[in-house]
Amino acid sequence: FELMVTHNRLVGNVIELIWIIVQNRKQGVGTAIMRELCEFADRHSAEIRLTPASRGDYAAITSRARLIRFYKRFDFVLDKRKAGEIIPGLIRKPVS
């Protein structure tokens, strides 16, 4: 996968995670990708933002609740700026 950090004077370094498709689930691939992504974000002092998909959204094959639990393992929390939205966004601040 390809990682890109964008800089916004108002926000700082942000990685907006759009889509990761893991073909072989339950083999640690998604965990490995997220671990690498979080390490990359920490090295670049970047936060990560994402909106978890749900079964039926594009190619998603699991529930949004399961994905939220998965992302929380990597210190993601609900994005308070998007609290009123129907689909909650998640955010992870960089760890120094």
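For the structure, see preceding data.
Predicted model, so just to flag it, every value in this text is computed and none were measured.

Student: Any chance you could break down the overall build of the protein chain for me, citing the residues and the numbers?
Tutor: The helix and strand tally for the protein chain stands at two helices and five strands. In the protein chain, the succession of α and β elements from N to C terminus is β-β-α-β-α-β-β. A burial count over the protein chain gives 34% of its 96 residues as buried. Look at the contacts in the protein chain between residues 6 or more apart in sequence, and 57% of them connect residues 24 or more apart. Total accessible area on the protein chain is roughly 6800 Å²; 52% of this is exposed by carbon and sulfur atoms.

Student: I'd like to hear about helix H1 (residues 29-43), residue by residue, with values.
Tutor: The terminal C-alpha atoms of H1, which comprises 15 residues, lie 21 Å apart, in line with the 21 Å expected from a rise of 1.5 Å per residue. Buried within H1 we find Thr 31, Ile 33, Met 34, Leu 37, Cys 38, Phe 40 and Ala 41. Backbone geometry just downstream of H1 places Ser 45 in the positive-phi region, at approximately 50°.

Scoring rules and cut-offs
Residues numbered from 1 in each chain as written. Predicted model: local features only at pLDDT ≥ 70, side-chain atom pairs only at ≥ 80, totals over all residues. Heavy atoms only, no water. Helix = DSSP H or I, 4+ residues; strand = E, 2+ residues; numbered from the N terminus. Buried < 20%, exposed > 50% of the residue type's maximum accessible area, 1.4 Å probe, protein only. Contact = heavy atoms within 4.5 Å. Areas by Shrake-Rupley, 256 points an atom, 1.4 Å probe, with all protein chains shown as cover. Expected span 1.5 Å × (residues − 1).

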